[in-house]
Amino acid sequence: TTDSSTEARVDTVYGHVIHIPSEAVLKSREAESDDPVKLVVSVLNSSLFEAPSKNESIHEHVLGVWLGEKDVEKLSQPVRMVFVNASKKQNPKCVFWKLSENIKQGSWKNDGCNGIWNNTDFICECNHLSFFAVLVSPDAGTATNADVERLEYITYIGSSLSVVFTIVTLVLFLCQRKRKSDHSVVIHMQLTGSLFLLHLFFLSSSFWSESEKAACLSLGLMLHWALLATFTWTAIEGFHLYLLLIRVFNIYIRRYLLRLNLVGWGVPTITVMICGIAGSYGKYTLKETTSNSTDLCWVTSKAARYITVNGYLGLVLLFNIVILAVVVVKMRQMRRQIVQVGNRVKRAWMDWATVLGLSCVLGLPWGLAFTTHGPLSRPGIYLHTIFNAFQ
């Protein structure tokens, strides 16, 4: 309740603040009554209200503000609502929920409402009481709900095809395997195996995210382990390439494949064991847009994700980019030392094809993950999804 002669202020647990002017309190009061007025403030989930279009959505919460039993409108002093966590890049707009004549339906309108910025907060000022929200329409560089739907199809189709073709590759290798295979081929198969497990556990984590807590925890751990194994084997590919093309001589290492296997599968195993003991796995909600999210069995700890995924991937990519650059320089030196015969254009295309193939083997397409934020986020997300889903 609030006194009819003063303004009111409500601070919500989510950080939103509502300022009610004294004029609104007076208009809500019954005639010739000095009784306190009942103030009701509700913080509702935006999913309870229909979005205005595919390209627009409601930012986080809807604030419902009501005073007494009477409708309060046409105020000279507006009601002020401070919405936190809004972004200027999302072109926010202050709106309210207007019921239709049959009261069962409604739509978002902005009549009598204005939006202003106060540092990092977006302030809505309206001359009436209702359900209020911030309507956002992402800029051209941000993924919309339609983009998310397309990307999900691409991801699931790409991962499913990757599972099939990695199985075919592994079966062909096992059927035609010689007694003593070349080290390079064995390393390629280890990377193929880690990719198979990665796509398999990703699909499992996506489809069974609503399973029991223990099952989701296990799936999140296995998905994390497969991802780290894939990163580790791409780094091993770079190390092996360094030995073959750069060091060349004195490259014999006792029990070479055994040591590589201990690193390739051991480092991820130790890492997920530590994360598991720390309780870093479970159901994770990936917020794709302001009104669209996906549940996944994954790493729930933000610190663990940044260190073991972002940080580890950054180190692996840095190492492999250096190796690739050195290999390209080595190839140019070798070209100068031999007599060039044949079509120069054809040789150039062959060199570019070699570099492209090595880039894929060294996992450089994973670097597109760092382009999924910022002004190029939409094309970055598409490229990252396509290249890494169909690898």
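The structure contained in this document is the topic of the report that follows. (Residues numbered from 1 in each chain as written. Predicted model: local features only at pLDDT ≥ 70, side-chain atom pairs only at ≥ 80, totals over all residues. Heavy atoms only, no water.)

1. With respect to the overall build of the protein
- Looking only at helices and strands, the protein has eight helices and 13 strands in total.
- Counting across all 391 residues of the protein, residues that qualify as buried make up 40%.
- A total of about 22700 Å² of accessible surface is found on the protein, and carbon and sulfur atoms cover 60% of it. (Helix = DSSP H or I, 4+ residues; strand = E, 2+ residues; numbered from the N terminus. Buried < 20%, exposed > 50% of the residue type's maximum accessible area, 1.4 Å probe, protein only. Areas by Shrake-Rupley, 256 points an atom, 1.4 Å probe, with all protein chains shown as cover.)

2. Overview of the packing of aromatic side chains
- Applying the stated criterion to the full structure yields seven aromatic pairs.
- Ring centres 5.2 Å apart and planes at 65° place the aromatic pair Trp117 and Phe122 in the edge-to-face group.
- Phe122 sits in the buried class, given a relative accessible area of 3%.
- Following the ring pairs from residue to residue traces out a cluster consisting of Tyr156, Phe202 and Phe207. (Phe/Tyr/Trp six-rings, centres within 6.5 Å; stacked < 30°, edge-to-face > 60°.)

3. Looking at unusual backbone geometry
- Backbone geometry places Lys74, a non-glycine residue, at a positive phi of 55°.
- When you line up the elements, Lys74 lands in the loop between β5 (61–67) and β6 (79–83).

4. Re the pattern of salt bridges
- Throughout the structure, instances matching the rule amount to two salt bridges.
- Of the charged contacts, one joins Arg9 and Asp11 as a salt bridge, the two residues approaching to 2.8 Å between their closest N and O atoms.
- A salt bridge links Glu125 to Arg80; the nearest nitrogen and oxygen atoms lie 3.2 Å apart. Of this pair, Glu125 sits in strand β10 (residues 121–126) while Arg80 sits in strand β6, placing them 45 residues apart in sequence.
- Residue classification places Glu125 among the partly exposed residues on the basis of a relative accessible area of 22%.
- Relative accessible area serves as the criterion here: at 28%, Arg80 is assigned to the partly exposed category. (Salt bridge = Lys/Arg side-chain N within 4 Å of Asp/Glu carboxyl O.)

5. Quick notes on the nonpolar core
- Leu198, Leu227, Phe231 and Trp298 are the most contacted members of the largest nonpolar core, which has 33 residues in total.
- For this core, the secondary structure elements donating two or more residues are α3 (183–207), α4 (213–247), α5 (256–277), β13 (292–299) and α6 (302–337).
- With 10 residues, the single largest contributor to this core is α4.
- By size, the runner-up hydrophobic cluster in this structure holds 26 residues, among which are Ala24, Cys94, Phe96 and Phe122. (Core = buried A, V, L, I, M, F, W, Y, C linked by side-chain atoms within 4.5 Å.)

6. Digging into the packing of α3 against α5
- Across the interface, α3 lies against α5 with an axial gap of 11 Å and an inter-helix angle of 20°. Considered as vectors, α3 and α5 are oriented roughly parallel to each other. Considering only the axes of α3 and α5, their crossing is right-handed. Judged by residue contacts, His183, Val186, Ile187, Gln190, Ser194 and Leu197 of α3 engage Tyr256, Leu257, Leu260, Asn261 and Trp265 from α5.
- Here the contact of α3 with α5 is composed, by residue class, of seven nonpolar, four polar and no charged. (Axes fitted to C-alpha atoms, helices over the stretch in contact; angles between N-to-C directions. Parallel < 35°, antiparallel > 145°, perpendicular 65-115°, else oblique. Left-handed = near helix turned anticlockwise from the far one by under 90°. Contact = heavy atoms within 4.5 Å. Nonpolar A, V, L, I, M, F, W, Y, C, P; charged D, E, K, R; others polar.)

7. Digging into a nonpolar patch on the surface
- A contiguous nonpolar surface patch, about 680 Å² in accessible area, is contributed by Tyr153, Ile157, Leu161, Val164, Phe165, Val168 and Leu172.
- Checked against the element boundaries, Val164 lands in helix α2 (residues 145–175). (Patch = residues over 30% accessible without salt bridge, like charges linked within 9 Å, V, L, I, M, F, W, Y side chains within 5 Å.)

8. What about the sheet that holds β6?
- The strand order β1-β2-β6-β10-β9 describes an open sheet built from five strands, whose pairing is antiparallel. In the strand order of this sheet, the two ends are held by β1 (8–11) and β9 (113–118), each with one partner. Adjacent strand axes in the sheet meet at a mean angle of 15°, parallel and antiparallel pairs treated alike.
- Bridge count for β9 against β10 is six bridges, and the pairing is antiparallel. Within β10, the position partnered with Asn118 by the bridge is Asp121. (Pairing = 2+ DSSP bridges.)

9. Description of the state of the cysteines
- With the rule as written, the count across this model stands at three disulfides.
- Each sulfur in the disulfide pair Cys94 and Cys124 lies 2.3 Å from the other. Here Cys94 and Cys124 share a disulfide; its torsion about the S-S bond, 135°, makes the bridge right-handed. With Cys94 in strand β7 (residues 93–99) and Cys124 in strand β10, this pair connects stretches of sequence that are 30 residues apart. Taken as a pair, Cys94 and Cys124 share a single burial class, namely buried.
- Put simply, Cys216 and Cys297 are joined by a disulfide, and their sulfur atoms are 2.1 Å apart. An S-S torsion of about -115° defines the bridge between Cys216 and Cys297 as left-handed. (Disulfide = S-S within 2.5 Å.)

10. Topic: the environment of Asp71
- For Asp71, the location among the structural elements is in the loop between β5 and β6.
- Taking C-alpha positions, Asp71 is 7.0 Å from Ser28, a pair spaced 43 residues apart along the chain.

11. Points about the pairing of β5
- Counting buried positions over the seven residues of β5 gives six, a clear majority of the element.
- In this sheet, β5 lies alongside strand β3 (residues 39–45) in antiparallel orientation, the contact comprising seven bridges. Paired with Val40 across the strands is Trp66, a residue of β5.
- In the sheet, β5 pairs with strand β11 (residues 131–136) via two bridges, with the strands oriented antiparallel.

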